[in-house]
Amino acid sequence: MLIFFFGTLNSQTDQSFFQIFSDQQMFCFCKGFILFLTSLIVSSYCCQAAIVGIDPSLASHYSDPKTFTCLDNSKTIPKSYVNDNYCDCEDGSDEPGTSACPKGNFYCHNEGLLSKSIPSSRVNDGICDCCSGEDEVSGKVKCTNTCKELYLDQISDQLKEQEIQEEGYKLRLEIRKETNEKKQYLQEQIEITKEEYEKAEQESEKMSEKQQVCEKWIYAQKKNRKKVLKKMIQERLVSKNMEIANSEEKNDKDFCFLHKDPKIKKITKEFKNLFFGAAKKELEDLKKKIIREKSSMFTEKRNKKTEKEKFEKIGDLDLGIDNEFYYLFDNCIEYKENKYTYEVCPFDKVTQKENGNTYKLGNFKQWGELTNQESDSDNDNENENENEKKNAKANKEQMEFTGGDKCWNGPNRSTTVLLKCGLKNEIKNVQEVSICKYQMTLLTPIVCEKPKNKITIPDLTTNQEKKNIHDEL
Amino acid sequence: MKKIICFFLFLFFLLLCCECADQSKFKLCSQSTFCENNREIRKNGSGPRFSFVPSSAKVDENKNLFQIDLLRSDEVEPRLFVEISSVIPGVVRVKINEKDPDLNRYEVEGVLLTENFNYQNAEIVSQNEELILLRFGSEKEKHADVKLVYGSSWKIEILNSGGEPIMVLNNDSLFNFEMDKKDFLLNKQKEKEKEAEAKNSDNEKEKEEEEEEEKNQEDDQPNYEERFGGNTDSRPYGPSSVALDVIFPDTEHIYGLPEHSTKLSLEDTEEGEPFRLYNVDILEYETESRMSLYGSIPVIISKPNNQKTLHGIFWFNPSDTWIDISTQETQTKKKLFGKNSRVSKRAHWMSETGVIDLFIMTGQEGKMYQVFEMYDTLTGFPYFPPSFSVAYHQCRWSYKTQKEIQNLNEKFDEYDIPVDVFWMDIDHTDGKKYFTFDSRTYPDPKQLSKTVSDKGRKLVAIVDPHIKKENSWELYKEAQSNDYFIKKSDRKTDYEGHCWPGTSKWPDFLNQKVIEWWGSRFSYDKYEGSTSNMHIWNDMNEPAIFNGPEMSIPRDTIHLGEIEHRNIHNSYGFFVTKGTFEGLIKRNQDQNERPFILTRSFFAGSQRYSTIWTGDNMANWDQLKYTESMLLSLGLAGAPLSGEDAGGFLNNPDEELFARWFQTSAFHPFFRSHSHTDTKRREPWVFGDPYTSIIRESVKIRYSLLPFYYTQFYKASTKGKPIMRPLWLVFPEDANALNEEVENFSYMISSSMLVSPISEKNQISKDVYLPKGCWYDFHTLEKINSKGATYKIDAPLEKIPIFYRGGKIVPRKMRVRRSSHLMQNDPITLFVFLDENKKSSGSIFIDDGHSYDFKNSNKYIHQKISFQNNKLFTKTLNSNYDPALIERILIFGLEQTPKNIMDNNNQDLIFNVDESIDMITIKKPNLSIGHDWQILIQ
């Protein structure tokens, strides 16, 4: 839909409005102004301004036909010295249109679309800095006028951005609904899990008691059987008239020499069953069962504890309006770059995997400070960043992860995750801003804001066209 | 990737630990047999005595060479001979070698420019029982006298025109020429012969004994092995060191012997370690240490007391070399007036092997720079690199991705800091295989090259001489199949060692074919991704080997022709740059583009091919301070194109140190910021204001001075004059200037500007010595009329003391742009600083900045500009290039307000006068560099 729209716009503007500009360069500034600053006063400045490169807001300083006073008031010079390609004023104000002054600035009117100031050193250096090419008139380079494309690109970017913001904001509201509904649930969960944990704790205690009882019983059983065995051997010994007095006080060793006695052997065999055979297994199984039950009870207890702690943690976290950031909880996002795989688990940890090695790039520490941003980061969209900075509420656009695995000869790894508006949770980029310090941009609807000033496609175009035609007439 | 990095970090960590903890990786004199032995000889006077054999003295048919034999006191037949010649006017060559040509020792070829040799007529002027007087010169002019003194020990004196000795060889009989193994073999042979004679009758026994003897001979072989740090040097040829003492009579200061981070004037070493020249990779080197560093130039420059000249000695030997320096005080009763004692310096040279081959460069009174021209005629004038290399370079280990460099390309503009070159350190390669790019991180290097060149900028890529042992790599296979690698001592298998890529091999640069092959790898079709916009950095070319003895290659490894590495060690890095240089020339079809090469290791002659930097320095104030003397020393030893890692490679500089470092580095011939991968990021904007502004200002000052600097580069390449100069070189008659350098580290740029760096924390003013004359503060343009005194100069964080010298004209370009290329057609501002006689002069060189057209087709402008008698005028030496417009002329120190100023067409020029600083500004005089003109002030 968008593309189609621009297509139309292009065909409309190409032939009339912009075409005229490129043919009549001298008038292009004027028209640029007329288009956007309809004031008559401005247009009068414009047409008098044969002075190249002045910022329109400073135009009045250049109005005297005979003299010019440097803007820092350091001296007054003949008007002919202005833009004579020689620097007279310390502040560079006499040479707005040339490269003569080290401290000067050149104003790119850029047809009023994307006007900006550039340092004088960029005038006539062979590089087109103004999209209109007005900074290059020496003939070193022929600049093509790209203002229209740039402007449309910019608008298009802004529109896309706006669209994402709008869509994302809708999503955010929906998410909020969900998380808000969960608010009650979460609070309940804190209670519930706490109770459950306590219950499990109690049960596991009970189980421990039960186990003790059981073990005692098994021990008693064993002891009892031993007694029976001893008694039988004793009986046999008595019957063989071999006096062994006070057998109970004798050591087990004493049985040894009796092993060869066939009857003793038989008795031993019989009772082996009691100690090593099915009867023993019975007891063992019973014991195992108790242990198993105890262990599952323990796991249960642990799980309940984790659960409990998790909800307690959620309870402690600042999850914003309607608990909306709960949306990022338990929601790990993966990102592959070259041979690294990064994973961000918001509120938990960041990891980096490479060839089966996993490095922890930090544990969640806190919502970060926006002022902490590293200056040498790769800012693709400086303006976007700044806008977002202004719109930022609290610290909810940056998460700090610290205390990761230690680097060789370096610090512990740490990561800053910047949250930007996007339609789904995804990592946009990862950089190592300094040794073992990472920065990631995470796109998520949960930080999308309601666009404040709605950008619209300049319906000006049609008006402009009318005006253009009018001017030409 | 991470794993590899970690591995390297780990290695580095190890290195760091080992090296900062102790310097035990590197030999002390006492751990080096030959150094220890020669020092012993000095202490005990126990060396072998040699004397001339007068009857053998002769001049050859061509009258080029004088020869005389040397006889050892305990022998009958002389086995050594001395050869004396004068290969260019004023340069005396003394060579000592073995007589038996079969025993001739290896002499490295390709360092000396023998094509420049212009043998002077040798003539025996007089000869008696005590001495021979030799004279070298043309018929019209004598250039040098050499006196040979017989005695019980030989002695040679090189005389100046007044007949006074300027250098004396073997005055203290420290000459040594070890031939132990040969002695052993000779004795063995003699014994055998004797025995054979004696037992002639007893034939039966003979056979048995002979066999036995043969066995014995092998067992008897003395063991010459030398162990150090877990490595064993087999030394199959036994001790073969050469040593000699050289006296510099009546000389208090001698200089040179780079590379050492010591004071400029060479200090006595008797109490401690000698100066050592053995190229090694030291990660964290200390200041005030005479340990060897990455490069070696065995040159000493002597400044005789109270004379306005310099002499030099070039000890042409690329093996491990130690030099002890000492001071001698001798009583002289000859002169009734003046001093009755004089101070002399002595250098005791000791090299592991090779021959003695000395070049003594004799300067004439009044000519301070003659010695440099002589030395460069022998070893080559500095190369003339493309103009971008004079500008600012941005480096880091490493910019890991193409995107990172593209980002820098934008950031520098955003912060309005000019830059010309972005550097790609080892990580840009595919697994440290040089001549490749990592396709994941540098997917389109050609595009990158174009992106930066759109702003007139360049790339430099690192290419180290260790070749990864990877059988599937085409380059490795090629070298392997051609047998291009250095061999182990077994002479059969390739030597393997550890470096960045892991197991690696080292090409044998002694083989001319290898040099050509190496060069051929730089062709655009072979070096995929390279462009004409990309230049080369040769690092680790000592060669550096992580697991090798003293972090380098074993000395008993074998080069082509069965040459042991020990013979050529210090010249390995030189040959690497030679191959690179020739390759970069040949990669363009017209062979007309000037290469830029940076090297870490160097030897005499390296100036022909490369710029030098001082290696892995550290971010501390001390290192900043000693950088100046390191660079000055290089300049005095014929290598004026040098610089350091601004900011300090290792550790993190604080913002003050970083800013101060940039302020002085901006005046060094090579100006590059570089940092270790473990350090925090430190691109100029990282520190924020005021530091970023200070850095910006420093870089902009450098850019505004580019026309001046470029001219100095040109002059260095034609005259060999240092660009950075100690004060005493410019003011030889000023006794204070000799000490100035020691205390204050001030230096001159050419003879036109004085820079006095701030190298102490929190320092905000500095006592700066200004030799007699007019000086103009660089920042305020205020004049100081100095009588030769010290002035307290303000040096708040924003500036360091810098002065223009009265009597000099400095051309500048005041329109500083994003890169030097974009300033090429900008107009010039002439700064004319008058001396006390209201005179001034200067010159300017202009060409296309990148080709050899200046040489091949004379396409350049070279113009002299002078001010005299209120007249500013030019003398155009050559003007075969686009003239450069002059937009402004500033004249300082005229002390008069002109009525009018006219050009040669009697046109009045617009001017104004700032009386507060005595400055006349002439606006748009409509003149240009490249045309002759004059203007008159009335």
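Definitions and cut-offs
- Residues numbered from 1 in each chain as written.
- Chains lettered and ligands numbered in written order.
- Predicted model: local features only at pLDDT ≥ 70, side-chain atom pairs only at ≥ 80, totals over all residues.
- Heavy atoms only, no water.
- Helix = DSSP H or I, 4+ residues; strand = E, 2+ residues; numbered from the N terminus.
- Buried < 20%, exposed > 50% of the residue type's maximum accessible area, 1.4 Å probe, protein only.
- Contact = heavy atoms within 4.5 Å.
- Areas by Shrake-Rupley, 256 points an atom, 1.4 Å probe, with all protein chains shown as cover.
- Axes fitted to C-alpha atoms, helices over the stretch in contact; angles between N-to-C directions.
- Parallel < 35°, antiparallel > 145°, perpendicular 65-115°, else oblique.
- Left-handed = near helix turned anticlockwise from the far one by under 90°.
- Nonpolar A, V, L, I, M, F, W, Y, C, P; charged D, E, K, R; others polar.
- Disulfide = S-S within 2.5 Å.
- Pairing = 2+ DSSP bridges.
- 1 Å grid on protein atoms, 1.4 Å probe; cavity = no way out; pocket = protein on both sides within 12 Å on 5 of 7 lines; lining within 4 Å.
- Points joined across faces, edges and corners; volume = space filled by probe spheres on them.
- Phe/Tyr/Trp six-rings, centres within 6.5 Å; stacked < 30°, edge-to-face > 60°.
- Lys NZ or Arg CZ within 6 Å of the ring centre and 35° of its normal.
- Core = buried A, V, L, I, M, F, W, Y, C linked by side-chain atoms within 4.5 Å.
- Salt bridge = Lys/Arg side-chain N within 4 Å of Asp/Glu carboxyl O.
- pLDDT = per-residue confidence, 0-100.

Caption draft 1: The arrangement of the overall build of chain A in detail. Across its full length, chain A holds 8 helices and 12 strands. Classification of the 473 residues of chain A by burial places 40% in the buried group. Contacts in chain A between residues at least 24 apart in sequence constitute 52% of all its contacts with a sequence separation of at least 6. Total accessible area computed for chain A in this model is approximately 27800 Å², and 51% of it derives from carbon and sulfur atoms.

Caption draft 2: View of the packing of helix H9 (residues 512-520) of chain B against helix H10 (residues 572-586) of chain B. Residue and element names in this part refer to chain B. Relative to each other, H9 and H10 sit at 50°, their axes nearing to 7 Å. One finds that H9 runs oblique with respect to H10. You can see that H9 and H10 cross each other, and the crossing is right-handed. The residues of H10 that touch H9, namely those facing Gln-512, Ile-515, Trp-518 and Gly-519, are Phe-575, Val-576, Lys-578, Gly-579, Thr-580, Glu-582 and Gly-583. Grouping the amino acids of the contact of H9 with H10 by side-chain chemistry returns 4 nonpolar, 5 polar and 2 charged.

Caption draft 3: Focus on the state of the cysteines. Residue and element names in this part refer to chain A. Across all of its chains, the model carries 9 disulfides over all chains by this definition. Put simply, Cys-128 and Cys-143 are joined by a disulfide, and their sulfur atoms are 2.0 Å apart. Across the disulfide from Cys-128 to Cys-143, rotation about the S-S bond amounts to roughly -90°, and the bridge is consequently left-handed. Of this pair, Cys-128 sits in the loop between strand E4 (116-119) and helix H4 (147-239) while Cys-143 sits in the loop between E4 and H4, and the two are 15 residues apart along the sequence. Overall, the relative accessible area of 35% leaves Cys-128 in the partly exposed class. In this model, Cys-131 is linked to Cys-147 through a disulfide, with the two sulfur atoms separated by 2.1 Å. Across the S-S bond of Cys-131 and Cys-147 the torsion is about 95°, and the bridge reads as right-handed. Residue Cys-131 is located in the loop between E4 and H4, and its partner Cys-147 is located in helix H4; the two are separated by 16 residues in the primary sequence. By relative accessible area, Cys-131 is classed as buried at 6%.

Caption draft 4: Highlighting the packing of helix H6 (residues 402-414) of chain B against helix H7 (residues 445-453) of chain B. Residue and element names in this part refer to chain B. Put simply, H6 and H7 touch, their axes get as near as 10 Å, and they point 5° apart. Between H6 and H7, the interaxial angle falls into the category roughly parallel. Between H6, through Gln-402, Ile-405, Gln-406 and Asn-409, and H7, the contact on the second element is made entirely by Pro-445, Gln-447, Leu-448, Thr-451 and Val-452. Among the residues making up the contact of H6 with H7, the classes are represented as 4 nonpolar, 5 polar and no charged.

Caption draft 5: Geometry of the sheet that holds strand E4 (residues 91-98) of chain B. All names here are of chain B. In space, the 8 strands of this open sheet follow the order E1-E2-E3-E4-E20-E17-E16-E14, with antiparallel pairing throughout. Looking along the sheet, the strands with just one partner apiece sit at the ends: strand E1 (50-59) and strand E14 (251-256). Taking each pair of neighbouring strands and ignoring which way they run, the sheet shows an average axis angle of 20°. Bridging between strand E16 (residues 299-304) and strand E17 (residues 311-315) involves 4 bridges; their strand directions are antiparallel. Opposite Ser-302, over in E17, you have His-311 as the bridge partner.

Caption draft 6: Structural context of the layout of surface pockets. Residue and element names in this part refer to chain B. The volume enclosed by the second largest pocket comes to roughly 1400 Å³. At 8 residues, helix H13 (residues 691-704) tops the list of elements feeding residues into the lining of the second largest pocket. Taken together, the residues that form the lining of the second largest pocket break down as 21 nonpolar, 13 polar and 13 charged.

Caption draft 7: Fine view of the environment of Val-810 of chain B. Residue and element names in this part refer to chain B. Inspection of the secondary structure assignment puts Val-810 in strand E42 (residues 808-812). For the pair Val-810 and Gly-842, spaced 32 residues apart in sequence, the C-alpha separation works out to 6.5 Å. Not counting residues within four places of it along the chain, the set of residues in contact with Val-810 comprises Leu-705, Phe-708, Ser-752, Tyr-804, Thr-829, Leu-830, Phe-831 and Phe-833.

Caption draft 8: Geometry of the packing of aromatic side chains. All names here are of chain B. Summed over the entire model, instances satisfying the criterion amount to 79 aromatic pairs over all chains. Ring centres of Tyr-392 and Phe-662 lie 5.7 Å apart, and the angle between their planes is 50°; this geometry places the pair in the tilted category. Of this pair, Tyr-392 sits in strand E21 (residues 392-394) while Phe-662 is found in helix H12 (residues 655-665), placing the two residues 270 residues apart along the sequence. The exposure classification of Tyr-392 matches that of Phe-662, with both residues buried. An aromatic cluster is present here, built from Phe-435, Phe-437, Tyr-442, Tyr-484, Phe-509, Trp-517, Trp-518, Phe-522, Tyr-527 and Tyr-572 joined pairwise through their rings. Geometry around Phe-275 places Arg-290 over its ring, the cationic atom sitting 5.7 Å from the centre.

Caption draft 9: A look at unusual backbone geometry. Residues and elements named next belong to chain B. With an omega of 0°, the peptide bond between Glu-542 and Pro-543 qualifies as cis. Summarising the element assignment, Pro-543 is placed in the loop between strand E27 (534-538) and strand E28 (558-559). A cis amide bond links Asp-689 with the next residue in sequence, Pro-690, at an omega value of 5°.

Caption draft 10: Representation of the pairing of strand E38 (residues 773-777) of chain B in the model. Residues and elements named next belong to chain B. Most of E38 sits out of view: 5 of its 5 residues are buried. Looking at chain direction, E38 and strand E39 (residues 783-786) are connected through 4 bridges and run antiparallel. Paired with Trp-775 across the strands is Ile-784, a residue of E39. The loop that links E38 with its antiparallel partner E39 comprises 5 residues; one of these, Leu-781, has a positive phi angle of about 65°. Relative to strand E41 (residues 802-805), E38 runs antiparallel, the two sharing 3 bridges. By the bridge assignment for E41, Asp-777 is matched with Phe-803.

Caption draft 11: The nonpolar core, seen in detail. Judged by nonpolar contacts, the single largest core of 219 residues is most densely connected at Phe-314, Phe-667, Trp-728 and Ile-889 of chain B. Beyond its immediate chain neighbours, meaning those up to four positions away, Phe-667 of chain B contacts Ile-701, Arg-702, Leu-705, Tyr-709, Tyr-747, Ile-749, Met-753, Val-755 and Ile-802 of chain B.

Caption draft 12: Local environment of the pattern of salt bridges. One pass over the structure, following the stated rule, counts 78 salt bridges over all chains. Measuring nitrogen to oxygen at the nearest pair gives 3.9 Å for the salt bridge that ties Asp-416 of chain B to Arg-122 of chain A. One end of the pair, Asp-416 of chain B, is in the loop between H6 and strand E22 (421-424); the other, Arg-122 of chain A, is in the loop between E4 and H4, on a second chain. Look at Asp-416 of chain B and you get partly exposed, because its relative accessible area is 24%. Here Arg-72 of chain B and Glu-75 of chain B are joined by a salt bridge, their closest N and O atoms 3.6 Å apart. The same class applies to Arg-72 of chain B and to Glu-75 of chain B, which are both buried. In this structure, a network of salt bridges that share partners links the residues Asp-233, Arg-276, Asp-320, Glu-352, Glu-550, Arg-555, Glu-564 and Arg-566 of chain B.

Caption draft 13: The confidence of the model for chain B, seen in detail. All names here are of chain B. Here chain B shows a mean pLDDT of 92. Residues at 70 or above account for 93%. A low-confidence stretch, residues 6-22 stays under pLDDT 50, and its non-local contacts, those more than four residues away or across chains, total 32 contacts. Taken together, the chains of this predicted complex give a pTM of 0.84 and an interface ipTM of 0.88.

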